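Secondary and tertiary structure notes
Listed here are the chains, written in short residue letters.
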Amino acid sequence: DILEYVHDFGSMTSFHSGKQCKLNRTEVNKFTPMPDANVGGNLGEEYNCYTEYCGTCHSLGCAPNVLPLRTGQQWAERPGIVAMERTADFAKIFFI
């Protein structure tokens, strides 16, 4: 999701994978701290992008984001373009 939960609370970017996928913590935080906003929904496991939704599942995907997360009101006050670049090696999200 490029922009998830924008009307509920601080919005975030999330990655969801049907296969086992875990991001490298060092690479994710290489240029600026990007904590995993989904760590609580993954039983404390950071940067685990595997996603499975069910009543007893704890696999919400990973959500490395620069803090603070912006609310819908804050997005409205500073409009722009949200873009994604994805290759076989990486996925990047930009706000221009």
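Scroll up for the structure.
Because the structure is a prediction, the values reported are computed rather than measured.

**A look at the pattern of salt bridges**
All told, the structure shown has three salt bridges when counted by the stated rule. Lys22 is the partner of Glu45 in a salt bridge, and the nearest nitrogen-oxygen pair spans 3.4 Å. Of the two residues, Glu45 is situated in the loop between helix H1 (25-28) and strand E1 (51-52) and Lys22 in the segment before H1; the sequence distance between them amounts to 23 residues. Notably, a salt bridge pairs Glu46 with Arg25, separated by 2.8 Å at the nearest N-O pair. Of this pair, Glu46 sits in the loop between H1 and E1 while Arg25 sits in helix H1, and the two are 21 residues apart along the sequence.

**Digging into the layout of surface pockets**
The computed volume of the largest pocket comes to approximately 1,300 Å³. Elements that contribute at least two residues to the lining of the largest pocket include exactly H1, strand E3 (82-86) and strand E4 (91-95). Here the element with the most residues in the lining of the largest pocket is E4; it accounts for five residues.

**Observations concerning the state of the cysteines**
Counted according to the given criterion, the structure contains two disulfides. What pairs with Cys49 in a disulfide is Cys62, and their sulfur atoms sit 1.9 Å apart. Measuring handedness by torsion sign, the sulfur bridge of Cys49 and Cys62 sits at about 80° and is right-handed. With Cys49 in the loop between H1 and E1 and Cys62 in the loop between strand E2 (59-60) and helix H2 (72-77), this pair connects stretches of sequence that are 13 residues apart. A disulfide bridge connects Cys54 with Cys57, and the sulfur atoms are separated by 1.8 Å. Taking the torsion about the sulfur-sulfur bond, which here is approximately 100°, the covalent link between Cys54 and Cys57 counts as right-handed. The connectivity of the disulfide-linked cysteines in the chain, indexed sequentially, is 1-4, 2-3. Sulfur of Cys21: no disulfide; nearest cysteine sulfur belongs to Cys49 and is 4.3 Å away. Under the relative-accessibility criterion, Cys21 is labelled partly exposed at 30%.

The rules we used
Residues numbered from 1 in each chain as written. Predicted model: local features only at pLDDT ≥ 70, side-chain atom pairs only at ≥ 80, totals over all residues. Heavy atoms only, no water. Salt bridge = Lys/Arg side-chain N within 4 Å of Asp/Glu carboxyl O. Helix = DSSP H or I, 4+ residues; strand = E, 2+ residues; numbered from the N terminus. 1 Å grid on protein atoms, 1.4 Å probe; cavity = no way out; pocket = protein on both sides within 12 Å on 5 of 7 lines; lining within 4 Å. Points joined across faces, edges and corners; volume = space filled by probe spheres on them. Disulfide = S-S within 2.5 Å. Buried < 20%, exposed > 50% of the residue type's maximum accessible area, 1.4 Å probe, protein only.

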